Amino acid sequence: MPDFAVPLTCPTLSVKDFLRRQAGISLTLWRKIKYKGTLKVNNFPATIHGLVYPGDIVTVTWPEDSTIMAENLPLSIAYEDEWLLATDKPAGMLVHPASGQHSGTLANAVMHYYQQQNYSCGFHPVNRLDRNTSGLVLIAKRPDIQHWLNQNQQQLTKTYLAIAAGLPYPPEGSINVPIGRKPGSIIEREVSLTGQQAITHYRVLNVFKNASLLEIILETGRTHQIRVHLNHIGCPLLGDDLYGGPTNLIHRQALHAAKISLPHPITQQITDIISPIPGDLTDLISQLGEPVTNML
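As the structure is a prediction and not an experimental result, all values here were calculated from the model. (Residues numbered from 1 in each chain as written. Predicted model: local features only at pLDDT ≥ 70, side-chain atom pairs only at ≥ 80, totals over all residues. Heavy atoms only, no water.)

### Examining the overall build of the protein
In terms of helices and strands, the protein carries six helices and 18 strands. Here the protein holds 296 residues, and the buried ones make up 47% of them. Considering only intrachain contacts with a sequence separation of at least 6, the fraction spanning at least 24 residues in the protein is 64%. Placing the 23 positive and 23 negative side-chain charges of the protein at their respective mean positions leaves the two points 8 Å apart. (Helix = DSSP H or I, 4+ residues; strand = E, 2+ residues; numbered from the N terminus. Buried < 20%, exposed > 50% of the residue type's maximum accessible area, 1.4 Å probe, protein only. Contact = heavy atoms within 4.5 Å. Lys, Arg positive; Asp, Glu negative; His and termini not counted. Charge placed at Lys NZ, Arg CZ, Asp CG, Glu CD.)

### Considerations on the sheet that holds strand β3 (residues 38-41)
Adjacent strands of a sheet form backbone hydrogen bonds with each other and so pair up, either parallel or antiparallel. Taken in spatial order, the four strands of this open sheet run β1-β6-β3-β4, and their pairing is antiparallel. Each edge of the open sheet is held by one strand with a lone partner, namely β1 (3-5) and β4 (44-45). Relative to strand β6 (residues 57-61), β3 runs antiparallel, the two being bridged by four bridges. When the bridges of β6 are listed, Lys-40 appears paired with Thr-59. (Pairing = 2+ DSSP bridges.)

### Quick notes on the environment of Met-69
Note that Met-69 resides in the loop between β6 and β7 (77-80). Overall, Met-69 belongs to the partly exposed group, its relative accessible area being 45%. If we skip the residues at most four places from it in the chain, Met-69 touches His-102, Ser-103, Asn-108 and Met-111.

### So, unusual backbone geometry
Comment: phi is negative for the bulk of residues other than glycine, and the bulk of peptide bonds are trans. With an omega of 0°, the peptide bond between Tyr-169 and Pro-170 qualifies as cis. Of note, the phi angle at His-224 is positive, near 60°, even though the residue is not glycine. Looking at the element boundaries, His-224 is found in the loop between β16 (211-218) and α5 (225-232). For His-224, a relative accessible area of 11% translates into the label buried. Unusually for a residue other than glycine, Gln-268 sits at a positive phi of about 65°.

### Quick word on helix α3 (residues 106-116)
In terms of burial, α3 is largely enclosed, as nine of its eleven residues are buried. Along α3, the residues classified as buried are Leu-106, Ala-107, Asn-108, Ala-109, Val-110, Met-111, His-112, Tyr-113 and Tyr-114. Asn-118 occupies a position one or two residues after α3 and carries a positive phi of about 60°.

### Regarding helix α2 (residues 27-36)
Buried residues of α2: Leu-29, Trp-30 and Ile-33, and no others. Projected down its long axis, α2 carries its buried residues within an arc of 105°, all on one side. For α2, exposure combined with an orientation more than 90 degrees from the buried face picks out Thr-28, Tyr-35 and Lys-36. Buried residues belonging to α2 abut α1 (15-22), β3, β6 and α4 (143-151). (Arc of directions from axis to C-beta.)

And the structure:
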């Protein structure tokens, strides 16, 4: 039952206008509140057309119904507070149930965790990862928090570690080319002049004989963005058979979501969430041998 304080600088508004314009309630959530939830102002029942004034407290409830089945699966929690949950997804796991697969996903595991903790939460992911990408998935415990974070994605910094074939040149730079769906495929993407703008910043951390370890920061979040961009510059991810990466040393794309930094949606304090590099990628780095430092 979240409370929203009306700022002292806020003009007089209807309850609806305050929640939609000032509190950042999405249209979908507003409809849930309107038709199935409750509204109170200063602990008194209110209507959607009632007025709120500076200093008022608006309390809302809504049903948190979910069709996702709770399933007892291992769940690695990287961060948790009253409003946010960050989990460390292993490679090979889907984030969300999809057509033909309704169990075994991160969402199933999270819903079981919520059930065990007696949380009344739906599954509200802020970011998603490909099945075979490991690392951090940030999840809001309330849909209004998810909406705020989605509306402020530019304030989130998402840092990845990647192991690519070859050596990007220059060793630090940006890839700014649009990405679109490849004709004839529902999965594969490609660099396309008619695609959406996509910007990837990269920095070489270490160089090996035939590969390099990269730190990557996304400015945009297109499907398969890192994979497509690195293939475009001739340095596909090791293990990425969809985009031309060699698969002799690892059988999934060598990509890990290692860090998310964000202003906390409630406190506005900068929050850093970190995931250590997983064992299969540390094993891969060991297989690559000693770094070749003079190539930088």
